[in-house]
Amino acid sequence: SHSPYLPEVKGSVKTGRAMYEPDDEDLAAEEQAASLKAWEKHYQAERTWEDLEEDETGRLRITHGDKQYREKRRKIAMAAANSHVCKGMIRFLYVVVDLSQAVNEADMRPSRLAVVSGILYKFFREYFNQNPLSQLGLVVTRNGVAERLTELSGSPESHITALKENLEAAGDMSIQNSLEQVQSSLAQLPTYGTREVLFVVSALSSCDPGNVHTAIAAAKSANIRVSVVSVAAELHICRRMTEETGGMFGVSQSQHHLEDLLMAHAPPPPLNEQATKASLVEMGFPQKRSLDKGAFFSGRGGEYVCPRCASRVEELPAQCSVCSLTLVSSPHLARSYHHLFPVAPFEELNDAAKLDATNCFACNLKFDRSGARGNDDAPSVCPRCKKIYCFQCDVFIHEKLHNCPGCEIDKAKGNKNSA
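Everything quoted here is computed from the prediction, not taken from an experiment.

## Thoughts on the packing of aromatic side chains
Part 1 of the reasoning: Inspection of every chain in the model, using the stated rule, returns 5 aromatic pairs.
Part 2 of the reasoning: Seen in terms of ring centroids, Tyr127 and Phe128 are 5.2 Å apart; in terms of plane orientation they differ by 85°. Their pairing is edge-to-face.
Part 3 of the reasoning: You can call Tyr127 buried: its relative accessible area is 0%.
Part 4 of the reasoning: We classify Phe128 as buried; its relative accessible area is 8%.
Part 5 of the reasoning: Residues Phe361 and Tyr389 carry aromatic rings whose centres are separated by 5.9 Å and whose planes lie at 90° to one another, so their mutual orientation is edge-to-face. Placement of Phe361 in the loop between β17 (347-348) and β18 (380-381) and of Tyr389 in strand β19 (residues 388-389) is noted, with a sequence separation of 28 residues between them.
Part 6 of the reasoning: Directly above the ring of Tyr121 sits Lys164, whose terminal nitrogen or CZ lies 5.3 Å from the centroid.
Part 7 of the reasoning: The ring of Phe361 has Lys387 lying over it, and the distance from NZ or CZ to the ring centre is 5.4 Å.

Written out as structure tokens, the structure is:
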């Protein structure tokens, strides 16, 4: 059965022309790679020790910023390219967290539960930072049932507190019960806001009491957009659910990739014109007044007074519990427009000779004209006001501030001169 010219070696590997027998070092390397956890493989694949290089002065500098530099440039350019896409200012989102036994796996450090919960805390804050007029609710699924922890509200801290107090994992998840739970709430909401559900799934199966496809069809008929972020692997039913409802589906490859997938749901998605209708929304701007001790009041209590019925609410944005008026503040309304009118991408200045300024206009960082600068201080210029910024200020302006300081100063000067 084997060649008479080559002796049979037990445990060897046959090749086309000869045989190769792995030595002890190869076997040890394979065993070590197989024993690595996901978070260890992430750092092993990055090979961070290769990111160090020596500059002209003999000092070590890190060069791993090249990949992050290109990725952030790509995100800024993509946001500007999608500025013509219609997006909704008001979103109603339910986050469904899988708290089955699968979240206790230790393939992430220290466990899936710790990693997923930590990223969700960041997501709640970023969601309201990107969507100040929107609302969010929290649902967990375990033991085959779905439990609604928080109703739709505009307070990230209330969702964080509720999730911290309910992190017990047990049993199996149920996609059908979760969909029916959120659909009963989202179906009653007005049509001017987008209805969304985001599943964070760790399990590889779903324990449903009936036909889950019926729940998916009901969510589709109610114009609910369902998206899924899977921690472990792809599930056919999750893929089918997102395709039927027009949502997004992603499978995380590492802890950092999981955070990127979740944060991608913080900005508002493209608006479905058939699912939402443009309409005028009546809003009130309450004043903040302290409440005297022992005073009688209507509503839930708080320092904000509804301008219509004078009842009190605790936080903004919110809906008046007495007259159902939407209550917001002027900064919330102003911050909602940056998705509709994003800052134009700045132009890179790769040639040091073209630098008209020696310092960053925003943070006053001194530029290196020798050409040996890194990506952290790579200059770029605003195409409108021609002010030059470093890369860190460029990213901060496009991702956080959403206004160019140079353009705003020029606009203020123009208004002052015209007055």
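Moving on from the coordinates now.
## Things to note about the nonpolar core
Part 1 of the reasoning: Within the largest apolar cluster, 33 residues are counted, with the highest numbers of intra-cluster contacts made by Ile175, Leu179, Leu186, Val197, Phe199, Cys238 and Met241.
Part 2 of the reasoning: The set of elements that each furnish at least two residues to this core consists of β5 (91-98), β7 (145-153), α6 (175-186), β8 (194-201), α7 (212-221), β9 (224-230) and α8 (236-245).
Part 3 of the reasoning: Discounting residues that sit within four places of it in the chain, Val197 has contacts with Leu93, Tyr94, Val96, Val182, Leu186, Ile224, Arg225, Val226 and Ser227.
Part 4 of the reasoning: Ile119, Tyr121, Phe124 and Ile160 belong to the second largest nonpolar core, which has 31 residues in total.

Reading the values: rules and limits
- Residues numbered from 1 in each chain as written.
- Predicted model: local features only at pLDDT ≥ 70, side-chain atom pairs only at ≥ 80, totals over all residues.
- Heavy atoms only, no water.
- Phe/Tyr/Trp six-rings, centres within 6.5 Å; stacked < 30°, edge-to-face > 60°.
- Buried < 20%, exposed > 50% of the residue type's maximum accessible area, 1.4 Å probe, protein only.
- Helix = DSSP H or I, 4+ residues; strand = E, 2+ residues; numbered from the N terminus.
- Lys NZ or Arg CZ within 6 Å of the ring centre and 35° of its normal.
- Core = buried A, V, L, I, M, F, W, Y, C linked by side-chain atoms within 4.5 Å.
- Contact = heavy atoms within 4.5 Å.

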